[in-house]
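A closer look at the structure
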Amino acid sequence: MAVLELNKSNFDDTIQKNDIVVLDFWAPWCGPCKQFAPTYDAVSEKISNVVFAKINTEDEQELGAQFQIRSIPTLMIFREQIAIFSQPGALSGADLEAVIKKAQELDMDKVREEIAKNQKDG
């Protein structure tokens, strides 16, 4: 599947309409981002039922600020509209695949229970 380019206008729709979305926050001037791009693209071709998207932090500074992106590349994974993973730095293809596999296996009922408990506890 092709990697989507997300921006402020299509971000919410993409997160809401897809079970799992993997995001790569990057910038055109970022050397590590350019080195990671082929790995990210290759993994996106191997895994189905997951949306892979990129957010150019130069063009989409508001999204970068919303998610407090301080270092790029940064990877985030949303599952059922909940951010379940965020980590700066590039991953190897195998590590990226492993993180996505864990995201797919996650019990989202337990995640929602934990979120509700944390919100209740303050």
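Preceding this paragraph is the structure being described.
Described in the following lines is the structure provided in the data block. (Residues numbered from 1 in each chain as written. Predicted model: local features only at pLDDT ≥ 70, side-chain atom pairs only at ≥ 80, totals over all residues. Heavy atoms only, no water.)

1. So, the pattern of salt bridges
Side-chain pairs of opposite charge can arise whenever the charged atoms involved come near each other. Scanning the entire structure with this criterion turns up ten salt bridges. The salt bridge involving Asp109 is made with Arg112; its shortest N-O contact spans 2.9 Å. Of this pair, Asp109 and Arg112 both sit in helix 5 (residues 108-121), three residues apart, which is roughly one turn of that helix. The exposure class assigned to Asp109 is partly exposed, which follows from its relative accessible area of 48%. (Salt bridge = Lys/Arg side-chain N within 4 Å of Asp/Glu carboxyl O. Helix = DSSP H or I, 4+ residues; strand = E, 2+ residues; numbered from the N terminus. Buried < 20%, exposed > 50% of the residue type's maximum accessible area, 1.4 Å probe, protein only.)

2. Some details on the environment of Thr39
Along the chain, the position of Thr39 falls in helix 2 (residues 31-46). Residues Thr39 and Gln104, 65 residues apart in the sequence, show an inter-C-alpha distance of 20 Å. Residues within four places of Thr39 in sequence aside, it is in contact with Leu91, Ser92 and Gly93. (Contact = heavy atoms within 4.5 Å.)

3. So, the pairing of strand 4 (residues 74-79)
Along a regular strand, successive side chains alternate from one face of the sheet to the other. Burial runs high along strand 4: six of the six residues are buried. Side chains Thr74, Met76 and Phe78 of strand 4 all project onto a buried face; the interleaved residues Leu75, Ile77 and Arg79 project onto the opposite face, where all are buried too. Summarising the sheet, strand 2 (residues 20-26) and strand 4 pair through six bridges and their orientation is antiparallel. Bridge pairing in strand 4 links Phe25 to Thr74. When strand 4 meets strand 5 (residues 82-88), the two strands line up antiparallel, connected through six bridges. (Pairing = 2+ DSSP bridges.)

Just geometry here; none of it tells us what the structure is for.
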